[in-house]
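# Structure at a glance
Below, each chain spelled out in residue letters.
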Amino acid sequence: MASNAVLVDSEELAALELEPFLGEITAYCYRMLGSVFDADDAAQETMLRAWRAAHTFRGRSTARWWLYKITTNVCIDALRGRSRREWPLALGPSLTVDEAMLMSEQTERLWLLPFPDARLDLTQDPADVVVERETIRLAFVAALQYLPARQRAVLLLRDVVRLRASEVAQMLETSVAAVNSAHQRARATLATCDLDAPDPGVLGAAERRLLADYVSAFERYDLTALVSLLHDDAVMSMPPYPMWLQGPGEIARWMLGPGRDCRGSRLVPTAANGRAAYGQYKPDSHGAFRPWALLVIEISGPAISGQHFFLDTSIFSAFGLPDHLPASTD
């Protein structure tokens, strides 16, 4: 991109001040596209297009509005002709362990991927932070993938970016009536989705103790202790496997059966989609630990309500997680 910057007058670039918007633009792209990698590509393409077109910006609108218009076009172009990103819980009912063992990885599918909290802009108004967190959680982003691209954009521009219908209409070169209709249809579709009750936005002392107990039980592989921390209808998913389990009993059966190789794992804390998350590292034959899954934890009340293991270890770099852990010195 540096090579293209010379095409744009430096004073025009400075006046636009685009870089402060990169965080929120990237999060918007993630909601649209369902992948941190696709979001990064789209955000960079947005900045490139903005730099190239800086000479056309005459201050008739705000830089933020102008940038979102470019971003929306980039995302709609990216979605054209592409399959939606899938979420195991949306593919069908929960399975038993016996049924799940018959499932194989489906790497040909596009799967929803988590987004690092470190990339979120949470320094805004407290009310906006609540919207930011609730609209970045996995169930919400998964539901967005079932909306047509323009409906998806309208919903996000109205409810997350907080633009007026007239501003969105101008952005999409359509009427206010069309924007309002698309907004209503998008909201109606989301209302039919099982988005679950939102978990605590801010971790209090009780939630931190719960997570500490979970990590301790997982690393000791004490399944009796671990399942005691789970909600009665807790779920577990493992994309790219097209299945999910529900209930402490089935989760324990899986972890003691097909998942028994996770014994001895180490969990490194991070945060994803507004929730607690961990890089899971499994022991290797040399006593060190290799990346295995990015684990996102959901909490409901006093218990763990969701464990989502993303087995695509390429996302570790997006979270700043190490590519291995050294052998334990214990």
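Residues numbered from 1 in each chain as written. Predicted model: local features only at pLDDT ≥ 70, side-chain atom pairs only at ≥ 80, totals over all residues. Heavy atoms only, no water.

### Some words on the nonpolar core
With 71 residues, the main nonpolar core has Tyr28, Tyr30, Met32, Leu157 and Leu294 as its most contacted residues. Per element, the largest residue contribution to this core is ten residues, and it comes from helix α5 (residues 63-79). Listed in part, the 34 residues of the second largest apolar core include Val97, Phe218, Met238 and Leu245. (Core = buried A, V, L, I, M, F, W, Y, C linked by side-chain atoms within 4.5 Å. Buried < 20%, exposed > 50% of the residue type's maximum accessible area, 1.4 Å probe, protein only. Helix = DSSP H or I, 4+ residues; strand = E, 2+ residues; numbered from the N terminus.)

### Structural notes on the environment of Leu223
In this fold, Leu223 is placed in helix α13 (residues 223-227). You can call Leu223 buried: its relative accessible area is 8%. Residues Leu223 and Arg253, 30 residues apart in the sequence, show an inter-C-alpha distance of 9.4 Å. When residues no more than four places from it in sequence are discounted, the contact partners of Leu223 are Ala252, Met255 and Leu256. (Contact = heavy atoms within 4.5 Å.)

### Focus on the confidence of the model for the protein
Across the protein, pLDDT averages 89, with 88% of residues at or above 70. Scored below 50 in pLDDT, residues 1-13 makes 15 contacts in the model with residues more than four places away or belonging to other chains. (pLDDT = per-residue confidence, 0-100.)

### Quick word on the pairing of strand β5 (residues 289-300)
In this structure, strand β4 (residues 275-283) lies alongside β5, joined through seven bridges in antiparallel fashion. Its bridge partner lying in β5, Gln280 is registered against Ala293. Counting the residues in the hairpin turn of β4 and β5 gives five residues, including Gly287, whose phi is positive at 90°. Here seven bridges tie β5 to strand β6 (residues 303-310), and the two strands are oriented antiparallel to one another. Of the residues in β6, the one forming a bridge with Glu298 is Gly306. Adjacent in sequence and paired antiparallel, β5 and β6 are bridged by two residues, among which Gly301 carries a positive phi angle near 60°. (Pairing = 2+ DSSP bridges.)

### Overview of the environment of Ala43
Mapped onto the fold, Ala43 is located in helix α4 (residues 36-52). For the pair Ala43 and Tyr28, spaced 15 residues apart in sequence, the C-alpha to C-alpha distance is 8.9 Å. For Ala43, the contacting residues outside a window of four places in its chain are Leu22, Ile25, Thr26 and Cys29.

### Details of the sheet that holds strand β2 (residues 244-246)
Spatial strand order, β2-β1-β6-β5-β4-β3: six strands in an open sheet with mixed pairing. The two strands at the open ends of the sheet, each matched to only one other strand, are β2 and β3 (266-272). Averaged over all adjacent pairs, the angle separating strand axes in this sheet is 20°, with direction ignored. Relative to β6, helix α12 (residues 205-220) is tilted by about 55°, and along the sheet it contacts β3, β4, β5 and β6. Strands in contact with helix α14 (residues 248-256) are β1 (230-237), β2 and β6; relative to β1, the strand with the most contacts, it is inclined by about 45°. (Axes fitted to C-alpha atoms, helices over the stretch in contact; angles between N-to-C directions.)

### Description of the pattern of salt bridges
On inspection of all chains with the given rule, the structure shows 17 salt bridges. A salt bridge links Arg85 to Asp38, with the nearest nitrogen and oxygen atoms 3.1 Å apart. Pair noted here: Arg85 is in the loop between α5 and α6 (97-100) and Asp38 is in helix α4, with a separation of 47 residues, a long-range link. The salt bridge partner of Asp222 is Arg220, with a shortest N-O separation of 3.0 Å. (Salt bridge = Lys/Arg side-chain N within 4 Å of Asp/Glu carboxyl O.)

### Remarks on the packing of aromatic side chains
This structure, assessed with the given rule, holds seven aromatic pairs. Summarising the aromatic geometry, the rings of Tyr28 and Tyr68 are spaced 5.2 Å apart at their centres and angled 85° between planes, so their arrangement reads as edge-to-face. Here the residue Tyr28 occupies a position in helix α3 (residues 22-33), and Tyr68 occupies one in helix α5, the gap between them amounting to 40 residues. For Tyr28, a relative accessible area of 2% corresponds to the buried category. Its relative accessible area of 4% is what places Tyr68 among the buried residues. (Phe/Tyr/Trp six-rings, centres within 6.5 Å; stacked < 30°, edge-to-face > 60°.)

### Points about the packing of α3 against helix α9 (residues 149-159)
For the pair α3 and α9, the least separation of the axes is 10 Å and the interaxial angle reads 140°. Judged on the interaxial angle alone, α9 and α3 are oblique. For the element pair α3 and α9, the recorded crossing hand is right-handed. Residue-level contacts link Tyr28, Arg31 and Met32 of α3 to Ala149, Arg152, Ala153, Leu156 and Leu157 of α9. Class assignment of the residues belonging to the contact of α3 with α9 gives a composition of six nonpolar, no polar and two charged. (Parallel < 35°, antiparallel > 145°, perpendicular 65-115°, else oblique. Left-handed = near helix turned anticlockwise from the far one by under 90°. Nonpolar A, V, L, I, M, F, W, Y, C, P; charged D, E, K, R; others polar.)

### Focus: the environment of Glu19
Checked against the element boundaries, Glu19 lands in the loop between α2 (10-16) and α3. Along the sequence, Glu19 and Met47 sit 28 residues apart, while their C-alpha atoms lie 8.4 Å from each other.

### Some words on unusual backbone geometry
Only a minority of non-glycine residues have a phi that is not negative, and only a minority of peptide bonds are not trans. A cis amide bond links Pro239 to the next residue, Pro240, at an omega of 20°. Position of Pro240 among the secondary structure elements: in the loop between β1 and β2. Phi at Tyr221 is positive, roughly 55°, even though this residue is not glycine. Inspection of the secondary structure assignment puts Tyr221 in the loop between α12 and α13. By relative accessible area, Tyr221 is classed as buried at 5%. Of note, Asn273 is a non-glycine position whose phi angle comes to about 50°, a positive value. Residue position: Asn273 is located in the loop between β3 and β4.

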